[in-house]
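# An overview of the molecular structure
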Amino acid sequence: MPSHKNPRWDALWQNVHLAAMNGGAYGEVPDGAIAVKDGRIAWVGRRADLPADYHANLEHDAGGLWLTPGLIDCHTHIVYAGNRSDEFEARLNGVAYEEIARNGGGIVSTVRATRAASDDALFQASLPRVCTLLAEGVTTLEIKSGYGLDLESETKMLRVARRIGASLPVRVKTTFLGAHALPPEYAGQADAYIDAVCNDMLPALHELKLVDAVDAFCENIGFSPAQTECVFQAAHRHGLPVKLHAEQLSDQNGAALTAQYKGLSADHLEHLSSHGIAAMAAAGTVAVLLPGAFYFLRETKLPPIQALRDAGVPIAISTDSNPGTSPMTSLLLAMNMACTLFRMTPQEALAGATLHAARALGMADSLGSLSVGKVADFALWEIDRPGDLAYAIGSNPCRHIVNAGVQRAPLVAAASPGS
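Thresholds, definitions, all that
Residues numbered from 1 in each chain as written. Predicted model: local features only at pLDDT ≥ 70, side-chain atom pairs only at ≥ 80, totals over all residues. Heavy atoms only, no water. UniProt positions renumbered as here; feature names shortened; annotations may be inferred. Salt bridge = Lys/Arg side-chain N within 4 Å of Asp/Glu carboxyl O. Helix = DSSP H or I, 4+ residues; strand = E, 2+ residues; numbered from the N terminus. Buried < 20%, exposed > 50% of the residue type's maximum accessible area, 1.4 Å probe, protein only. Pairing = 2+ DSSP bridges. Axes fitted to C-alpha atoms, helices over the stretch in contact; angles between N-to-C directions. Core = buried A, V, L, I, M, F, W, Y, C linked by side-chain atoms within 4.5 Å. Domains from an automatic or database assignment. Contact = heavy atoms within 4.5 Å.

An unreviewed UniProt entry annotates the protein chain as Imidazolonepropionase of Eoetvoesiella caeni. Looking at the protein chain in UniProt, the text filed under Pathway (unreviewed entry) is "Amino-acid degradation; L-histidine degradation into L-glutamate; N-formimidoyl-L-glutamate from L-histidine: step 3/3." Under the Catalytic activity (unreviewed entry) heading, UniProt states for the protein chain: "4-imidazolone-5-propanoate + H2O = N-formimidoyl-L-glutamate".

This is the structure we're talking about:
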């Protein structure tokens with residue numbers, strides 16, 4: 001930590017326990033302090049080591065709360081219209097997914113509802129879901145498109161995602177997922193649709209400055225590796241990083257393809273091979289695990305957690321919040337599921353929702369740990385120890401949130417019928 005004389009800070013938190021997430025055992029500092037200047041961390045350490053001559057414009061007595069980096073939900077489809085609880089009920093009553101899809105259900109129903117919604121309607125439908133995440137200490141959120149599947153609707157989704165970031169105390173990163181599914185008007189013409197994604201949609205959206213990264217769904221029921229590579233090549237032509245829905249239902253070698261293009265992350269990964277793991281490790285590509293989808297789809301094949309650990313691949317955790325396979329708006333629950341279903345440790349789960357999630361968004365230099373120079377996004381928790389965050393089911397111990405150095409009470413999650 002810097003040892004400048006007479007430091008001048010905008011704000012200081014004392015009487016606080018720190019989980020810095022920059023070392024072993026959560027990077028714990030039991031009786032710590034953290035100072036902010038110009039929205040960034042200016043000093044962090046033991047309270048006993050505070051410079052005697054410091055000045056802070058605002059001092060907070062945290063009352064012994066724990067302070068962590070703000071949580072980061074690095075994989076969501078949280079902007080959409082419509083509701084698919086009827087399909088959930090139908091499946092549990094024995095109706096096959098194929099029959100639901102033939103009757104206009106599945107992703108097509110979400111595409112239809114999202115296309116029909118106005119910007120305002122889509123924003124209002126998405127707001128309660130986002131607020132629920134923010135109430136649990138989320139300060140950074142990735143939002144994907146992919147329920148529009150035409151230029152007008154994909155633009156609308158990304159525009160709404162940007163509006164969420166401008167309207168709420170949350171940092172939003174937007175991801176273009178045009179290659180999510182084949183829209184009805186392109187039935188039987190997957191190559192033609194990928195051409196439209198690469199040559200029409202992406203250039204227009206990039207020109208509008210609506211895209212931070214580019215994603216695709218590489219799967220037997222999605223797009224082939226060759227089609228996915230076309231999307232990656234288009235992204236690179238525009239200087240945009242890539243990520244991928246990979247190896248969820250089968251091994252398509254998508255993770256290795258993502259690593260070949262120095263992708264930020266490969267996500268899902270239940271069917272990930274040793275070859276894919278080695279490629280990810282060499283490229284520094286993050287493994288984003290999505291236990292909500294694993295749970296909701298009642299999957300049985302676990303991601304290769306130990307092999308990822310052994311290879312040193314960073315593992316992030318996210319909600320995958322979406323209407324079809326993971327209608328989850330709790331990153332704390334996702335952390336619990338990562339522990340109970342995937343046998344990760346609570347320390348790994350918290351790192352997965354902070355340090356490694358930041359890396360999965362290409363933001364490791366500015367977010368994810370309590371380090372001098374990083375953005376001052378924090379969450380303060382009424383817990384006994386950091387492991388409590390992945391332990392209690394249905395509990396929300398978040399008491400304060402700090403966005404770029406400004407402390408506020410957590411947003412109250414609003415109810416939204418049909419969300």
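Having put the structure on the table, let's press on.
## Comments concerning the pattern of salt bridges
By the definition in use, this model includes 15 salt bridges. The salt bridge partner of Arg47 is Asp31, with a shortest N-O separation of 3.1 Å. Highlighted residues: Arg47 in the loop between strand S3 (40–46) and strand S4 (55–61) and Asp31 in strand S2 (residues 28–37), separated in sequence by 16 residues. Here Arg47 falls in the partly exposed class, since its relative accessible area comes to 29%. Notably, a salt bridge pairs Asp212 with Arg162, separated by 3.0 Å at the nearest N-O pair. Taken together, the positions of Asp212 in the loop between helix H6 (190–207) and strand S9 (213–216) and Arg162 in helix H5 (residues 151–167) put the pair 50 residues apart, joining distant regions of the chain. Residue classification places Asp212 among the partly exposed residues on the basis of a relative accessible area of 23%. By relative accessible area, which is 27% here, Arg162 ends up partly exposed.

## A word on the pairing of strand S7 (residues 138–144)
Buried residues dominate S7, accounting for seven of its seven residues. Direction of pairing for strand S6 (residues 71–73) relative to S7: parallel, over a ladder of three bridges. Bridge assignment links Asp73 to a residue of S7, and that residue is Leu141. Examined bridge by bridge, S7 and strand S8 (residues 171–179) share five bridges and lie parallel to one another. Directly across from Lys144, in S8, lies its bridge partner Thr175.

## As for the sheet that holds S8
Spatially, the four strands line up as an open sheet ordered S6-S7-S8-S9, and their pairing is parallel. Two strands close off the open sheet at either side, each with one partner strand: S6 and S9. Adjacent strand axes in the sheet meet at a mean angle of 20°, parallel and antiparallel pairs treated alike.

## Looking at the nonpolar core
Counting 92 residues, the largest nonpolar core has Ile164, Phe176 and Leu269 as its most contacted members. Per-domain counts for this core show at least three residues from each of domain 1 (8–70 + 369–408) and domain 2 (71–361). Sequence-distant contacts of Ile164, that is, excluding residues within four places in its chain, are made with Val79, Phe123, Ser126, Val130, Ile143, Val170 and Val172. Of all hydrophobic cores here, the second largest spans 18 residues; its members include Val29, Leu67, Leu370 and Val402.

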